[in-house]
Each structure stands twice: as structure tokens, then as C-alpha cells.
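Read off the chains here:
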Amino acid sequence: MATFLHRLGRLAFRRRHLVALIWVALLTLAGVGAASAPAAGSSSFSIPGTEAQKAFDLLEQRFPGMNADGATARVVFKAPGGEKVTAKDNKAAVEKAVRELRSGSEVVSVTDPFTAHAVSKNGTIAYAQVKYKVSGMELKDSSRDALQEAARDARGDGLTVEIGGDALQAAPETGATEVIGIAVAAVVLVITFGSLVAAGLPLLTALIGVGIGVSSITALANALDLGTTTSTLAMMIGLAVGIDYALFIVSRYRAELAEGREREEAAGRAVGTAGSAVVFAGLTVVIALVGLSVVNIPMLTKMGVAAAGTVAIAVLIALTLIPALLGHAGRRVKPAGEKSRLLGGGRAAAGKKDRPNMGARWASFVVRRPVAVLLLGVVGLGAAAVPASQLELGLPDDGSQPTSTTQRRAYDLLSEGFGPGFNGPLTVVVDAKASEDPKAAVATVTDDIKGLKDVTTVTPATYNKAGDTAVITVVPGSKPSSTTTEDLVRGIRDTGAGRAAKTGAELLVTGTTAMNIDFSQKLNDALIPYLALVVGLAFLLLIVVFRSILVPLKAALGFLLSVTAALGAVVAVFQWGWLSGLLGVQQTGPIMSMMPIFMVGVVFGLAMDYEVFLVTRMREAYVHGESPGQAIVTGFRHGARVVTAAAVIMIAVFSGFIGSSESMIKMIGFGLAIAVFFDAFVVRMALVPAVLALLGRRAWWLPKWLDRALPNVDVEGEGLRAAADAADRRDPDADQDRELARV
């Protein structure tokens, strides 16, 4: 592989104008496609194989007029202090608002609170339910404006009015912190390279890659039913890996220049060696993201595949566009150890070439005291992982919105007036088609549900035209995300299973709350198989890369430590509320259901990036004759600075998304940032050299039969070194020519 990539790097360097033109054309094509594509609608959410999804599908079949995908809004009215909403003036204001709401062109129906019994027992709070023909993302701005105008008019009459539901659904905002994250990345790159031009290349190529990836997602969003979260995730991961992959190529290029190679050859060697590590690191990320499809949740599959596509683009750009741009930059990219005139005068760092750098000094310390470093790292990560034992899963709703939003205030008003369970009603579907007396079967089921614990209200059954299917709404006494409500859902399902044989009627529970419960359960069930698949495939890939059994095993165990510690930090902040004010977390509660499996996938891929980049340098030194301990120090001398810079950049980019207005994006940004911190600075920088020092030569052991069976991918560039040595023997003046070319 190193030989092929070496040729590719030299070709891209020579044909730099053509390569750059191709990538600019792809970016333009993707941008035009995104601009001309129809607006994406609301992405569908389905969980195949669950009871909630089965009930939802049955509703669409038996109640075709219900339009279950249509947007809804709850306009909540509260009377002024000391008054009731049923008072003459207040009632008139509510009825006026209801009339205004009914005038919308996309409105299907609006319930009158006074005829629909939608007034709280104390008479202070009422709500009107608005149903629309289209989904929240497809709703016209005029319909949203009319909804908000009706609320403003009612407020003018002295009422407190808030709006809940998905009718006001909007794309999440990431805020200024995302830009700050990129700015931090730029500063780190300038410090690392000592050159504005060299620092600008990774940023430029990462932005081009993300531009192509996100524009392609936008162009295909309507056709492939992709939600806004998909493009946000692709941007988050694409920026991080795009900068990192380019950073490793440019860093190796500068190192090759410092050894006296002419620029085209240096670009070829950089792509042949560091580029090989980029390919395998990218493959581990792609495997982890595409592997999300095993969960069999379409939304998660699309997110994973789209993000994997962006990572693949980042790899291709690192292998082709980076050497092309290095050719354009020419002498403005200095050899390692030199700075630009703007940042240091363009002179070599005299006297520092043979001095051990900080990475080498740290590695020497770890090699001397591996047991102490190993114990300290494991204990520290173990302590951070303790909160993960209290992990509670759920999905965000309006109750997790910031208190500044009208959706959150409407949620709180409804909880105040009608109880916490009112925001998460359960929809019970009774399929009595096989029953001899459908109405009697439905009545029996209704009585059984009324007798269950934590049931506040059970509405009368609504039948379809055929009279063989009924819908019952059950209002729990607890909030939607509570374990008590989850127990109630299981209790209703158990009741239905017990009655099915006697009445011939099948009972199914659906609704947002039930869907969330089933979603969480499906993710929990899929976590172990997914972990086995992803870690197993990556383990095999790393055996090929490192030609070792113990090094990939150590990499996988280290990942488990870092991801568990990261989950513990997420629980501490978003569930327990530690530092929640500092991070802008206004509502603590259950952790998003997909967070564990999502973090396993993404963090595993990113963790293997650092493993590949750092350990391939050690492997390279070991293969070329150094002792195991000295190889560790050599690997850190060449790779620690760059890996540290890459980790800081990735943490900065992920941290930028903590400022998002959407709780899911905020949680993902924090979780990935803290996971990269743990994995890069504790696992890869401390535990990896400690374990390798303890293992010694055994770390690189591989059974002979397996060594013969595995393909030789030559990540270390041994083939390139052999070819160079052969050329030197044929041309004794090669060293002098390279020095002259450098000068």
C-alpha cells in the first residue's frame, strides 16, 4: 500500500493544477445540487420490529383520516393571577383565539377548550389542540406566523399564552462556539507548524471536504429522507477528522523535507507513510459509523452512513488534495524545525535538533515507571466511569428545551394544570377484528387499564368506520421520561397479553412516550452485538496493520476504558447536573437513548485514529532495528506533538457544538469532546506506552502461520526505504543531490 500511495502522492504533486480543479469542481457541483434541491421535509422516525411501530402502522391502515404525520400545536392559556380562564372576559379571549386559529389554510382542526373538556380542575389553565395537514418541517411560514399572531392577540387581552408541539419546529442553532472551535484549531495548527501557510492547508482542505459532504447530504435530504441532525453530525465529524488527517500528512511532509528530500519525493513519502495510517484510521471510523446499521433503526443508519461518507471524502482529500496544495505552496511550507519569517525568521532551530523533545522525555519517563503510570491512569478513568453505573436512558421532549422557549413554558403550564403525565399520553390501540364482540372486548380492556397503578385518565374509546378497531388515550400520573411511566407501559402490555386469548382482541401501545421506551430498549439490545461487530472487524484490521495480537487487544481495552469514563462524565453533567450551568444545560434528565451506542461507534473510530498514528511510528522504529523501549521513545518523539495537536483540534471542534440550542447536539458535542480527551491524553499518551513497555518484544508477537497468511500492507513504508537504499547504491551521489535540492 505504501508504494501505491507514494506514487499517488507524487502524481498529485505533479498534476496539482488538475487535482485542485477536480476538487473545486466537485465542491461547486455539490453546492449547486444543494441550492437547487427541494427543501427537505420532516424526516420520518420509525422503529421496525417494535410494538409501538406496529400500532402506529395499524393506525394508519385502520384510521386513514387521522393523518398521524401532520404537525400539531397546543396553545396553552393561563388566566391572570386570582382569576379563572372560564371568567367571561378570559373565555371570550380564548374563543377569539380559537376562531383565529381555525382560519389557517393548512389547519385540519382546532379543539375548543370549553367543549373538549380541556380546562384544568382549578379553572386557571386551558389548551386548544391544533392539527395541521402537513408535518412540522413542511409547514408554511404563514401558518407559523398565524399561530404566533393568535397567541400575541390573546396575550394582549391579559392571558399568559404559550405554544407547544412540533408546529414551531426549527433547525437547531449551534451558536458562535462552533466558530470558536475552528479558531482554536487554527491557533493550534499555527503553533504546531510555525507557519501560516502550513497551518492553513488542513483548515482549507477540511472545509472543502465538509462542504462537499454536507452539500451532498442537503441535495439528497428530500430524496433519502434525511433530517437536520444528519448534516450536523457529518459536519462535526468531518471537520474533526478532516483537519486531523491533513495535519498528519503535512507534518510528515515537513519531516521528510528536514531529512533533505526534494519536495515531490517528500510529498510522495508523506502520503506513502502517514497516508497509509490515514487510510486505516479512516477505515476504522467508517466501519464504526456504517456498523450503526445493525441496530436496524433507519434514522440512525442514515446518520451513520452520511457521516461515514464525509469521513471517506476527508481521507481522499488528505491523499490527493493535500499533496497538490503542497505543490502550490512550494517553499512557503518549511521543513520541520524551521519557522516562517513572520513567526520566527525562517531559520532552523539551531542546537535543538538532537535534543529530546517533550514527547520523547515523557515517553522515557513512562518507560522507566510503567506500573505507576498504568495504575494511575486506570484508577483515574475508573473513577470518572462511576456515574455511568447510574445511567438512565430516554429521548428529549419539550421538557428538555431551554426555559426561554415557548415550547418549554407550554410544557410546564400543562404539567401544572393537568399533571406531569399529560405531556406524555399513551395511545392504546385495540385490534378487535378477530373478536366476536369488539365493543365488549374494548370495554373489558378499558376497565383493566383503569385499574392499573399510576393511571390518571382513560378517555372513552374512539372506533374506526368498520367498528373493529378502537383507540384509547391513557394519561399517566408521572412525567413521560420517568421509570414509573415505563412500568405503566409494560403493565398495559401485560394486561393486553393476558386478555388476548379470552377476548380475541390484540392490544398495542404507541404514542411518543411508548416509541421512546421501545427505542431505548432496542438500542440497549443492540449494544453488545454492535460492539462485538465493530470491535471485532477493527481488531482484525489492526492485526493486519500492526502484525501483532496484543497491540490491537490493548487498543480495544483502552477504548472501553475511555468510552466508559466519557459516559460517566455525560451522566454527571446531563443527568446529575454537575457543571450544568457552565455548559448551558437548563434541564437535567435521562441521557439520550442513542448516546451509548453512538459514542461506542464514533469514539471507537476516533480512538483508533490516535492508536494507528502513534503506534505505527513505534512499529516503524521497531521494524528498523530499535529495541522495544527505544521504539516507544522514537514513536513519541516523532508523533506525540502531532497527536497532541490533533486531539486538541478535535476537542475544540466537538466543544463548539456544546453551544447548540438542541439538547441532543449539545450532549453529543460534550460526550465526544470529553471522550477524545480521555482517550488521547490518558489512554494513548499514558496507558499505551506503559503497557508496551511492560510487554517488551511480546507486544509485537504474531504466530508464524498467521504472519504468512496476512497480507503485507507495509504501513511503515519498508518498501519505500528498500527502494531508496537500492537507488543510493546505484547512485552514490544521491545524498548530495538531495541536500542540494533542499537548499
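The residue numbers shown here count from 1 along each chain, following its written sequence. Given that the model is predicted, a residue must reach a pLDDT of at least 70 before its local features are reported, and side-chain atom pairs must reach 80 or more before they are shown or counted; all residues, however, enter totals for whole chains, interfaces and linings. For side-chain calculations, the full set of non-hydrogen atoms in the structure is used, while hydrogens and water are omitted.

**As for the confidence of the model for the protein chain**
So, step 1. Known as pLDDT, the predictor's per-residue confidence is scaled from 0 to 100. Across the protein chain, the average pLDDT comes to 83, with 90% of residues at 70 or higher.
So, step 2. Helical segments are the DSSP runs of H or I of at least four residues, strand segments are the runs of E of at least two, and each set is numbered from the N terminus. Averaged over each element, pLDDT in the protein chain is lowest for helix H24 (residues 734-742) (48) and highest for helix H12 (residues 370-385) (94).
So, step 3. Two residues form a contact once any of their heavy atoms are found within 4.5 Å. Scored below 50 in pLDDT, residues 346-352 shows 10 contacts in the model against residues more than four places distant or in partner chains.
So, step 4. Contacts from residues 737-743, a stretch scored under 50 in pLDDT, to residues over four places away or in other chains number 14 contacts.

**Overview of the packing of aromatic side chains**
So, step 1. Pairing of aromatic rings covers Phe, Tyr and the six-membered ring of Trp, with a centre-to-centre limit of 6.5 Å; geometry is then stacked below 30 degrees between planes, edge-to-face above 60, and tilted otherwise. Applying the stated criterion to the full structure yields 9 aromatic pairs.
So, step 2. Both rings, one in Tyr127 and one in Phe418, keep their centres 5.4 Å apart while their planes meet at 85°; by these two values the pair is edge-to-face. Taken as a pair, Tyr127 in strand E3 (residues 125-132) and Phe418 in helix H13 (residues 406-418) lie far apart in primary sequence, 291 residues in all.
So, step 3. Note on exposure labels: buried denotes an accessible area under 20% of the residue type's maximum, exposed denotes more than 50%, and partly exposed covers the range between, all computed with a 1.4 Å probe on protein chains only. The buried category is assigned to Tyr127, whose relative accessible area is 13%.
So, step 4. Assessed through its relative accessible area of 18%, Phe418 is described here as buried.
So, step 5. Each ring, one from Tyr622 and one from Trp700, has its centre 5.7 Å from the other, and the planes form 20°; the classification is stacked. Of the two residues, Tyr622 is situated in helix H19 (residues 595-623) and Trp700 in the loop between helix H21 (663-695) and helix H22 (704-709); the sequence distance between them amounts to 78 residues. Just as Tyr622 is buried, Trp700 falls in that class too.
So, step 6. A connected cluster of aromatic rings, assembled from ring pairs, spans Tyr127, Phe418 and Phe422.
So, step 7. A positively charged side chain is recorded as over a ring if its NZ (Lys) or CZ (Arg) lies within 6 Å of the ring centre. The angle to the ring normal must also be within 35 degrees. Above the ring of Phe114, the side-chain terminus of Lys91 is found at 5.2 Å from the ring centroid.

**Description of the sheet that holds strand E1 (residues 72-78)**
So, step 1. Only strands that DSSP links by at least two bridges are regarded as paired with each other. Pairing is antiparallel in the open sheet, where 4 strands are placed in the order E2-E3-E1-E4. The open sheet has two edge strands with one neighbour each: strand E2 (107-110) and strand E4 (160-165). Each adjacent strand pair in this sheet contributes to an overall mean axis angle of 20°, direction not counted.
So, step 2. As judged from the 7 bridges shared by E1 and E3, these two strands associate in the antiparallel manner. Across the sheet, residue Lys78 finds its bridge partner in E3, namely Ile125. In this analysis, axes come from line fits to C-alpha atoms, helices being fitted only over the stretch in contact, and the angle between any two N-to-C directions falls in the range 0 to 180 degrees.

**Considering the packing of H19 against H21**
So, step 1. Between H19 and H21, the least distance of the axes is 9 Å, while the angle of their chain directions is 35°. The way H19 lies across H21 gives a crossing that is right-handed.
So, step 2. Each residue gets one of three labels, nonpolar for Ala, Val, Leu, Ile, Met, Phe, Trp, Tyr, Cys and Pro, charged for Asp, Glu, Lys and Arg, and polar for the others, Gly among them. Of the residues assigned to the contact of H19 with H21, the class counts are 20 nonpolar, 1 polar and 3 charged. In this scheme the crossing of two helices becomes right-handed for a clockwise turn of the near helix relative to the far one and left-handed for an anticlockwise turn of less than a right angle.

**A look at a nonpolar patch on the surface**
So, step 1. A cluster of nonpolar side chains, namely Val294, Leu533, Leu537 and Leu540, defines an oily patch on the protein surface of about 320 Å² accessible area.
So, step 2. Along the polypeptide, Leu540 turns up in helix H16 (residues 512-546).
So, step 3. For Leu540, a relative accessible area of 52% puts it in the exposed group. Only residues whose relative accessible area exceeds 30% and that form no salt bridge are eligible for patches; like-charged ones are grouped when within 9 Å, while nonpolar side chains (Val, Leu, Ile, Met, Phe, Trp, Tyr) are grouped when within 5 Å. The Shrake-Rupley method, run with a 1.4 Å probe, gives the accessible areas here. Residue values count only the displayed protein chains as cover. We define a salt bridge as a side-chain nitrogen of Lys or Arg found within 4 Å of a carboxyl oxygen belonging to Asp or Glu.

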